[in-house]
Amino acid sequence: MPESTYWNPRHETMPRDQIEALQTRKLKNLVAWTQASVPWHAARFSKAGVSADSIGGLKDLQRIPMMTRDEWMQAQLQSPPYGPLLAAPEEKAVRYHLTSGTTGRIPLQVLDGMKDWEWIAEMWCYGFWGFGVRPSDIVFFAFSYGTFVGFWGAHYACEKIGCLVLPGGNMTTEARVKQIMNMKATVVCSTPTYALRMAQEAKTMGVDLAAGPVKRLILSGEPAGSIPATKRLIEEEWGARAADTAGMTEVGTIMIFECSKQPGGTHIIEDHYIEEVVNPDTGEPVPYGEMGERLITSFGRGFIPVLRYRTRDLVVRVPASHCSCGRTFDLYEGGIRGRVDDMKLVRGTNVYPRAVEAIVREFKEIDEFRIRLYTADGRQDEIEVLVEIPGGDGAQTERILKNLSTSLSEAHEGLRFGVKKAEDGSLPRFELKAKRLQDDRIVIGTAGERRST
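Please read these numbers as outputs of a predicted model, since none were measured by experiment.

So, how was this worked out
- Residues numbered from 1 in each chain as written.
- Predicted model: local features only at pLDDT ≥ 70, side-chain atom pairs only at ≥ 80, totals over all residues.
- Heavy atoms only, no water.
- Helix = DSSP H or I, 4+ residues; strand = E, 2+ residues; numbered from the N terminus.
- Buried < 20%, exposed > 50% of the residue type's maximum accessible area, 1.4 Å probe, protein only.
- Contact = heavy atoms within 4.5 Å.
- Areas by Shrake-Rupley, 256 points an atom, 1.4 Å probe, with all protein chains shown as cover.
- Lys, Arg positive; Asp, Glu negative; His and termini not counted.
- Charge placed at Lys NZ, Arg CZ, Asp CG, Glu CD.
- Core = buried A, V, L, I, M, F, W, Y, C linked by side-chain atoms within 4.5 Å.
- Pairing = 2+ DSSP bridges.
- Axes fitted to C-alpha atoms, helices over the stretch in contact; angles between N-to-C directions.
- Parallel < 35°, antiparallel > 145°, perpendicular 65-115°, else oblique.
- Nonpolar A, V, L, I, M, F, W, Y, C, P; charged D, E, K, R; others polar.
- Left-handed = near helix turned anticlockwise from the far one by under 90°.
- Phe/Tyr/Trp six-rings, centres within 6.5 Å; stacked < 30°, edge-to-face > 60°.
- Lys NZ or Arg CZ within 6 Å of the ring centre and 35° of its normal.

Trainee: A description of the overall build of the chain should follow, citing residues and the corresponding values.
Mentor: Counting its regular elements, the chain contains 11 helices and 20 strands. Overall, the chain is about 70 × 65 × 45 Å in size when its C-alpha atoms are taken along their principal axes. When burial is assessed residue by residue, the chain has 54% of its 453 residues classed as buried. Sequence-distant contacts in the chain: of pairs separated by 6 or more residues, those separated by 24 or more amount to 68%. For the chain, the exposed surface amounts to about 19100 Å²; the carbon and sulfur share of it is 51%. Each charge sign in the chain was given a centre, from 56 positive and 59 negative side chains, and these centres are 1 Å apart.

Next up, the structure:
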């Protein structure tokens, strides 16, 4: 019997009406369990007139109040360390994780039990198997193995599949490149930024990654994994195919993955999640093909129920038919496009870091970059992009700077970008999520008060 291309063939090819029926049944069970186990949620449901018996179909999901990160964080601050959101006793937990960053005073703190952890690995199996990872593969994780959940679940998913796993924690970039080559790793897992960082280090070491053993890269942690220019650059540097995935500490694992057909988007794991796309200002649903904010309802967590959580991710949902792989799971075209709160308004023009990166990565001579916003002469917002161009002569550098400035301006309604060369090695490098935007603008008319970033 031929090997299946799906980790869960029955569910991944289930007709749409059966997927929706499965989601409805799971939603009723989730609401019932949450009401019985988490008084904090039960009070919110009661106020909205929601109960398990009131869920007759997926349209009833919209009656459940949306949950925000700010609410979660405030609840955590009022009742530290986890807030009143746990559905199981703390002593039943087996893992502790933090979000990788925060817009508040502290990161979100979450616990996982045995049920969570089995499910977390299972979700990663959908993605790894779907991109062609098999038991014969040797998988290297360029990951620090700290409290950030990151690739923890992916590590255990690869063990579950039967791969040989190489954990790359507490290693320098040089040491990681050496181990990838010496151990003949066939799969590498990292953020998109760090995949490029390793490629840069390999060149310094005289190592030809494109002639090496790596056949696949699994990317996560940044929207860059679905930016065509960034992905193309990674694939050229490594001589391997790259697939995008996305997850969240709040649910512990991935929700979307790119399959081996690489249709230009990521499949939603719809038998384990309900994903909605809404207008971020009104909360109203948006149709296929329109950009909106994704809300997530998760069926897998055993410790912290997650219902209609506002991710702040911007996505464009399209039907499963956009991919030829045979899955009936819908897709996000272009993966995660960016974040609602990443958008910056510069002299009346919307600027998204993801869009800037997509243009910068068209210039292969550029190793690293940073976006800086500042207030000139205390009266006008300006934007500049600092770039490292190692080895370029004066004329070549000037040409790149001029062409990049023109491309950025043309893509942003004529907004003027200052593009400057930075000293080689002067810009920060990132192993986890890259933070390339620096907002130094002041509130005009104040004595130098900084804007929130």
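Okay, back to it.
Trainee: I'd like a rundown of the environment of R354, residues and numbers included.
Mentor: Here R354 is to be found in helix α10 (residues 353-360). Spatially, the C-alpha atoms of R354 and P280 are 18 Å apart, while their sequence positions differ by 74 residues.

Trainee: So, the nonpolar core: which residues are in play, and what are the values?
Mentor: Counting 70 residues, the largest nonpolar core has W72, W124, F128 and F141 as its most contacted members. Sort the elements by how many residues they give to this core and helix α5 (residues 114-130) lands first, with 10 residues. The residues touching F128, leaving out its near neighbours within four places in the chain, are V133, V139, F141, A154, C158, I161, C189 and I218. Counting residues in hydrophobic clusters, the runner-up holds 23 residues, among them F140, Y194, L209 and I234.

Trainee: Go over the pairing of strand β17 (residues 368-376), please, and point to the residues and values.
Mentor: With 9 bridges connecting them, β17 and strand β18 (residues 380-388) associate as antiparallel partners. Directly across from T375, in β18, lies its bridge partner D381. Strand direction decides the pairing type here: β17 and strand β20 (residues 437-439), joined by 3 bridges, are parallel. Its bridge partner lying in β20, R372 is registered against Q438.

Trainee: Could you give an account of the sheet that holds strand β19 (residues 417-421), naming the residues involved and the relevant values?
Mentor: The mixed open sheet is built from 4 strands, whose spatial order is β19-β18-β17-β20. Two strands in the sheet have a free side with no partner beyond their single neighbour: β19 and β20. Strand-to-strand twist of the sheet, defined as the mean angle between neighbouring strand axes without regard to direction, takes the value 20 degrees. In this fold α10 packs onto β17, β18, β19 and β20, with an angle of close to 130 degrees to the strand it touches most, β17. Against the sheet, helix α11 (residues 394-410) contacts β18 and β19, and its axis sits at roughly 155 degrees relative to β19.

Trainee: Tell me what's going on with the packing of α5 against helix α6 (residues 152-161), and back it up with residues and numbers.
Mentor: In contact at an axis separation of 7 Å, α5 and α6 are set at 75 degrees when each is read in the N-to-C sense. Relative to α6, α5 is oriented roughly perpendicular. Each of W117, E118, I120, A121, E122, W124, C125, F128 and W129 in α5 lies in contact with α6, whose residues at this interface are W152, G153, A154, Y156, A157, C158, K160 and I161. In terms of residue class, the contact of α5 with α6 is built from 13 nonpolar, 1 polar and 3 charged.

Trainee: Would you mind going over the packing of helix α2 (residues 16-37) against helix α3 (residues 39-48) in detail, with residue names and values included?
Mentor: Across the interface, α2 lies against α3 with an axial gap of 6 Å and an inter-helix angle of 115 degrees. Between α2 and α3 lies a crossing whose hand is left-handed. Between α2 and α3, the contacting residues are V31, T34, Q35 and S37 on the first element and P39, H41, A42 and F45 on the second. Residue classes in the contact of α2 with α3 are distributed as 4 nonpolar, 4 polar and no charged.

Trainee: Residue-level account of the packing of aromatic side chains, with values.
Mentor: Tallied over the full model, the rule gives 13 aromatic pairs. Taken together, a centroid distance of 4.9 Å and an interplanar angle of 55 degrees make the contact between F143 and Y145 tilted. Here the two residues F143 and Y145 agree in accessibility, since each one is buried. Three or more aromatic residues joined by ring pairs form one cluster here, namely W117, W124, F128, F141, F143, Y145, F151, W152 and Y156. Above the plane of the ring of W117 lies R95, whose end atom (NZ or CZ) is 4.5 Å from the centre. Over the ring of W129 we find R134, and its NZ or CZ is 3.9 Å from the ring centre.

Trainee: Any chance you could break down unusual backbone geometry for me, citing the residues and the numbers?
Mentor: Excluding glycine, residues mostly carry a negative phi; peptide bonds, for their part, are mostly trans. With an omega of 0 degrees, the peptide bond between P80 and P81 qualifies as cis. Along the polypeptide, P81 turns up in the loop between α4 (69-78) and β1 (95-98). Notably, Q262 is not glycine yet its phi reads approximately 45 degrees, a positive angle. Residue placement: Q262 occurs in the loop between β8 (253-257) and β9 (265-268). Taking the relative accessible area as the measure of exposure, Q262 reaches 24% and is therefore partly exposed.

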